[in-house]
Amino acid sequence: MRINVLIAPSTNRVYGLDAPRLAAAELAFVLNESSPGALIGTSGVREAGLEFLALDIDEEAWEREETQRALGYALAFSPHVFAAFEEVGRMPAPTEERSYVDESPTLPLLQPIPLPEVDLYPSTLLSTLKYQGKTNEQFTALLLHLAAHAAGRGEALRDGSLRVLDPVAGRGTTLNQALMWGLSPVGVDLDKKDAELYRAFLTAWMRENKLKHTTSETKLTINKKALGKHFHAELARSKSEQREGRGQILELYTADSTGIDVFLRARSADVIVADLPYGVQHGAKVGAHLSRSPLDLLRNALPAWTRVLARGGAMALAHNRHTTPAEDMRAILEEHGLVTIGEEMSFRHRVDASIDRDIALARKA
Ligand SMILES: C[S@@+](CC[C@H](N)C(=O)[O-])C[C@H]1O[C@@H](n2cnc3c(N)ncnc32)[C@H](O)[C@@H]1O
């Protein structure tokens, strides 16, 4: 059977051009993990003047409830999917639509596939903050979606128990995406201004959206040594949710990511999702020094990041191939005992003249 997907519009025009290809790679990766064998192939098709991404699904697999459920969630969590339709048949096109090339074209009969609701909050949570160096929201959701499935934790993504860490969180695009999906994320960033702006944004946003919430900010001190700051927020959509402890928690540490194992427990993250410094605008800060190469940051940080990652957990790391070539990425991840995966899928895409972005996926055995 065939599913026709309409690709979501993108506010970023350049990203939008690659979105159909990224969607195909994303859905293939996710479905291969959550419903192996169900997806036969993907292709771009044009029907009635519209571009669709067609997913050909194995008939027998489609009969199974778990396949339909896995597919429904794969489509719902994909930031690239706008709407999905099952092709239930075809009908002749109206005569005026026919061209001299094809005398008897047909049009698909498309039945909408109802998708589960995965967003908990208004989209302002993701779209309000705008700044140079912000990771595009669709791409951030892609990273998180891939990481969950690279760790084989699709179920935990759905029930809110997936433990997400962004060790280079900036002003919190990953954190907000994780909150949007009902998760309780942890972020770390060295930049004090970023942390301050994020704290101010989230607090105002929770107030405006009438969420039950509490926040606190404390000094991060380990063995009498001041490491930075720790922002803690608890939020819930209702009093009963808050009372029954069904709310969400957000932690943001203003500290050097290379030493996170000092203040985060070993194996406390199921996934590490990071948009690494590109080595272009931001620079990667290692200790007090500004390093030009994000590879230096990785070399210094991976021992701690790997310790904080749970067994079977996964990393999805976005990197700029100009400053961090894919082979170097793979080599360095493997040097730290991680198993790189998904190389057959291409998530590579152009951001601008100086950023040729790609995603490295790796699992901890
Ligand atoms: C590409 S940006 C991440 C942007 C983020 N995803 C967002 O949308 O706001 C990379 C981040 O890495 C942070 N960074 C670089 N070196 C670091 C280190 N050693 N420890 C913690 N954060 C670091 C920078 O401060 C920067 O915010």
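Small disclaimer: the values here were computed from a predicted structure and weren't measured. (Residues numbered from 1 in each chain as written. Predicted model: local features only at pLDDT ≥ 70, side-chain atom pairs only at ≥ 80, totals over all residues.)

1. Looking at the overall build of the chain
Helices and strands together make up the secondary structure of the chain, namely 11 helices and 17 strands. The globule rule puts the C-alpha radius of gyration for 365 residues at 21 Å, and the 22 Å found for the chain is close to it. Taking the principal axes of its C-alpha atoms as reference, the chain extends roughly 80 × 50 × 35 Å. (Helix = DSSP H or I, 4+ residues; strand = E, 2+ residues; numbered from the N terminus. Rg over C-alpha atoms; globule rule 2.2 N^0.38 Å.)

2. Quick notes on the pairing of strand β14 (residues 309-320)
In terms of burial, β14 is largely enclosed, as 9 of its 12 residues are buried. For strand β11 (residues 269-275) and β14, the ladder comprises 6 bridges, and the chain directions are parallel. Across the sheet, valine 273 pairs through a bridge with alanine 316, a residue of β14. (Buried ≥ 20, exposed ≤ 12 C-beta atoms within 10 Å, placed from the backbone. Pairing = 2+ DSSP bridges.)

3. Examining the packing of helix α1 (residues 13-34) against helix α5 (residues 137-150)
One way to put it is that α1 packs onto α5 with a least axis distance of 10 Å and a crossing angle of 15°. It follows from the interaxial angle that α1 and α5 lie roughly parallel. The handedness of the crossing between α1 and α5 is left-handed. Of α5, the residues touching α1 (which contributes Tyr15, Leu22, Glu26, Phe29, Val30, Glu33 and Ser34) are Gln138, Phe139, Leu142, His145, Leu146 and His149. Of the residues belonging to the contact of α1 with α5, the class tally is 7 nonpolar, 4 polar and 2 charged. (Axes fitted to C-alpha atoms, helices over the stretch in contact; angles between N-to-C directions. Parallel < 35°, antiparallel > 145°, perpendicular 65-115°, else oblique. Left-handed = near helix turned anticlockwise from the far one by under 90°. Contact = placed C-beta atoms within 7 Å. Nonpolar A, V, L, I, M, F, W, Y, C, P; charged D, E, K, R; others polar.)

4. As for the site of the ligand
Residues in close proximity to the ligand total 23 residues, the closest being Thr135, Val168, Gly170, Thr173 and Ser257. Listed by contribution, the elements that provide at least two residues to the shell around the ligand are α7 (173-180), β7 (186-189) and β12 (284-286). In terms of residue count, β12 provides more of the shell around the ligand than any other element does, 3 residues in total. Across the shell around the ligand, the residue classes break down as 7 nonpolar, 8 polar and 8 charged. (Near = placed C-beta within 6 Å.)

5. Some thoughts on the sheet that holds strand β2 (residues 39-47)
To summarise the sheet geometry, strands pair through backbone hydrogen bonds and adopt either a parallel or an antiparallel arrangement. Judged by pairing direction, the sheet is antiparallel, and its 5 strands sit side by side in the order β2-β3-β1-β4-β5 without closing on themselves. In the strand order of this sheet, the two ends are held by β2 and β5 (106-112), each with one partner. This sheet shows a mean twist of 40° between the axes of neighbouring strands, independent of strand direction. Here strand β1 (residues 2-7) pairs with strand β3 (residues 50-57) via 4 bridges, running antiparallel. Of the residues in β3, the one forming a bridge with asparagine 4 is alanine 54. Sheet strands touched by α1: β1, β2, β3 and β4 (81-92). Its angle to β2, the strand with the most contacts, is close to 155°.

6. A short note on the nonpolar core
Formed by 95 residues in total, the largest nonpolar core has its most connected members in Leu143, Ala147, Val271 and Ala316. A domain-level breakdown of this core finds at least three residues from each of domain 1 (2-112) and domain 2 (124-364). Not counting the four nearest positions on each side in its chain, leucine 143 is found in contact with Val273, Ala316, Ala318 and Ile359. (Core = buried A, V, L, I, M, F, W, Y, C linked by C-beta atoms within 7 Å. Domains from an automatic or database assignment.)

7. Side note on the domain arrangement of the chain
You can read the domains of the chain as domain 1 (2-112) and domain 2 (124-364). A C-alpha centroid distance of 31 Å is found between domain 1 and domain 2. Contributing elements (two or more residues each) for the side of domain 1 that touches domain 2: α1 and α3 (65-77). If you tally residues by element for the side of domain 1 that touches domain 2, the top one is α1, at 11 residues. Residues that form the side of domain 1 that touches domain 2 fall into these classes: 10 nonpolar, 5 polar and 3 charged.

8. Observations concerning the environment of threonine 340
Assignment of secondary structure puts threonine 340 in strand β15 (residues 338-341). Residue threonine 340 is classed as partly exposed on the basis of its C-beta count, with 17 C-beta atoms lying within 10 Å. The spatial distance from the C-alpha of threonine 340 to the C-alpha of leucine 107 is 43 Å, given a sequence separation of 233 residues.

9. So, unusual backbone geometry
Even without being glycine, lysine 210 reaches a positive phi, approximately 55°. Phi is positive for asparagine 223, close to 50°, though the residue is something other than glycine. Topologically, asparagine 223 is positioned in the loop between β8 (212-222) and β9 (225-236).

10. Re α7
The buried count for α7 comes to 7 of 8 residues, which makes it a mostly enclosed element. Listed in full, the buried residues belonging to α7 are Thr173, Thr174, Leu175, Asn176, Gln177, Ala178 and Leu179. Those residues of α7 that are buried lie in contact with α4 (124-127), α5, β6 (164-166), β7, β10 (248-254) and β11. Phi turns positive one or two residues past the end of α7, at glycine 182, with a value near 85°.

11. Observations concerning the environment of histidine 349
Mapping histidine 349 onto the fold places it in strand β16 (residues 349-352). Residue contacts for histidine 349: discarding those within four places in its chain leaves Asp18, Leu22 and Arg357.

12. Side note on the environment of threonine 140
Position of threonine 140 relative to the elements: it lies in helix α5. Residue class for threonine 140 comes out buried when judged on the 24 C-beta atoms lying within 10 Å of it. When sequence neighbours within four positions are dropped, the list of residues in contact with threonine 140 reads Thr135, Thr173, Thr174 and Gln177.

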